[in-house]
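Residue-level structural notes
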Amino acid sequence: MSAVIFFLAAIGVIAGAIGVVMLRDPFYSVLALVSHLVSLAVLFLLLRAEFVAAVQVVVYAGAVMVLYVFVVAYVGEEAATIGDRLRGASSAVARTRTLAIAIGGCLLAELLVALLGTGLKAIGGYGAPYHSGPKTYGTPAYIGELLLTRFLIAFEIASFLLLVAAVGAVVLARRRGGIGEEPEPHITPLHVFRPLGTGTMAEGVEGRMPAAQAGAGLAAEHEPASKREPEAVR
Amino acid sequence: MALPLAEVGYYEEWWVQILKGIVIFAVALQLVPIVLIAERKLLGRFQGRYGPNRVGPYGMLQPLADIVKLLTKEQFRPTTSAGLLFALAPGISIVTAVAAFAIIPFGDVQHIGGERVGLYGIDVSIGPLYLFAFGAIAFYGIMLGGWASGSKYSFLGAMRAAAQLISYEVSQGLALVGVIFTAQTLSLTGIVHAQGGMWYIVPQFVGFLIFLTASFAETNRAPFDLTEADAELVGGYNTEFGGGRFASYYFAEYLNVLVVSGIVTTVFLGGWLLPFGVHPPGWVDPIVVLVKMGLVTFFFIWVRATLPRLRYDQLMSFGWKVLLPLATLNALVTAVIVVVSHK
């Protein structure tokens, strides 16, 4: 039974990966990537890593890919021409293509080294020992303990990186005039309990929303990238 | 041969598990029309009118008439739609809703005819994460439906859904973190057992409020039903759907309300436990859970009849500026309290 599930999921993984690069319409490419990630989650389940599988679906299929779908659905028509542009014969295109092939080759070699190095060793083994109960291999408690003890520094660096990415996105959006055209809003401690622009009755009736806040709300709607960035941090 | 899929403490025979799968689907299928008629009757009462009262006694057969009407309608689709995805999208919605329903525990492990049977579909060790994983996939049902319709109202509804579901899922997850810290387990039956002393609605009241609020957005219910705001978007993502496909969306929406009610019941309202140390026999457990779920669903309907719909930018700023900081603060405070009290 597990072999059947493995082959179904593996076919899904490979078909999804091929679909990402072969499909012409970027929207379908993104959907292929989603199916690839979900199939990968099934493989994680077969490896008794339910936590990793759930996180895979929640973070990648649920958060990251949603942004991709969002963007591609908005600008999908333009992005469709990228493939056609690369098909041209100018020298710049040829150089880009050579570079792409070289980098792709490097990545392939690196992945093969990593895969063959660990995979060939694992073929003879029996996998992780399996015990039922809490705090055994693959359970959330076990992973959490590892993250906060053995891999603490890596964990902190990764979260710091994501924080930098989020701050960077806000800075970039600000420089392009997306947000921050208006003067900084004056924030008093009261606003912590009742932030402006959250649709309180007083705002609606008295029009208490200052112009700066109203502008910020609208600007944020037009430039949603900065708003949705904290997803990555999650 | 035991499946290694998501270790769930299998002590049940395979046929028990298949039976449970069928029973869960049957229960879900029966509960949805009840919620449908309850909502229409209650909305009528809230608005000072009768509500449906023509089909059957007190109009109780109205959902049946609706379902027959929807299923016998012609299947149409716009010429601009993307065929396969258009047909697939309602299916994704319904499958994820039913799958999420499987983890709601209706009772403790019972001894039925010499077999130990847990009154739930599966008791996954990752508990709420399973729910969020299927919630994440459920988003594609709405998104693909809106996109594949090829109409602008559907597209706007789908885009709103994308931003809304994503931002409220964060708060919803963080609100449960406090509970998980307190219970020290992710298993939903474990969380219910940990509430033996006191239901988590008392120590985790802030988390309860945040979870409930975020759930309104997550299930696209008023006052956060902007993905299908009929005053602005005709019908939002399901504008172009008719007949059985629309029925699928409708079914999924109400089933999601039931799932959220079930999760609120399990996580905050003590699941099958009764207050004041009353320990009824095992067969009472599902009734207790259903009654509590009914109360939460009633609250959902009550809110729909009471509150007006928010504006879209207000919805987003409420999610990010109020709910998310509150949920984070709640998780932090709970973590400190748990560490201090366990010393």
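Preceding this paragraph is the structure being described.
Residues numbered from 1 in each chain as written. Chains lettered and ligands numbered in written order. Predicted model: local features only at pLDDT ≥ 70, side-chain atom pairs only at ≥ 80, totals over all residues. Heavy atoms only, no water.

Along the backbone of chain B there are 11 helices and 2 strands. Ordered by position from the N terminus, the helices and strands of chain B form the series α-α-α-β-β-α-α-α-α-α-α-α-α. Counting every position in chain B, which comprises 343 residues, the buried fraction comes to 56%. A separation of at least 24 residues holds for 78% of the contacts in chain B among residues at least 6 apart in sequence. With an accessible surface of roughly 14900 Å², chain B has 70% of that area assigned to carbon and sulfur atoms. (Helix = DSSP H or I, 4+ residues; strand = E, 2+ residues; numbered from the N terminus. Buried < 20%, exposed > 50% of the residue type's maximum accessible area, 1.4 Å probe, protein only. Contact = heavy atoms within 4.5 Å. Areas by Shrake-Rupley, 256 points an atom, 1.4 Å probe, with all protein chains shown as cover.)

This paragraph deals with the overall build of chain A. A count of helical and extended segments in chain A gives 12 helices and 0 strands. Along the chain direction, N to C, the helices and strands of chain A fall in the order α-α-α-α-α-α-α-α-α-α-α-α. Out of the 234 residues belonging to chain A, those deemed buried represent 26%. For chain A, the share of sequence-separated contacts (at least 6 apart) that also reach a separation of at least 24 residues comes to 54%. Accessible surface for chain A amounts to roughly 15500 Å². Of this, 72% is attributable to carbon and sulfur atoms.

Okay, a nonpolar patch on the surface next. All names here are of chain B. Taken together, the side chains of W14, W15, I18, L19, I22 and V23 define a hydrophobic patch exposed on the protein surface, amounting to about 660 Å² of accessible area. When you line up the elements, V23 lands in helix α1 (residues 14–46). Classification of V23 by relative accessible area gives partly exposed; the value is 47%. (Patch = residues over 30% accessible without salt bridge, like charges linked within 9 Å, V, L, I, M, F, W, Y side chains within 5 Å. Salt bridge = Lys/Arg side-chain N within 4 Å of Asp/Glu carboxyl O.)

Quick look at the pattern of salt bridges now. Residues and elements named next belong to chain B. Applying the stated criterion to the full structure yields 2 salt bridges over all chains. Notably, a salt bridge pairs R40 with D66, separated by 2.9 Å at the nearest N-O pair. Note that R40 is positioned in helix α1 and D66 in helix α2 (residues 62–71), a separation of 26 residues in sequence. Among the residues examined, R40 registers a relative accessible area of 34% and is labelled partly exposed.

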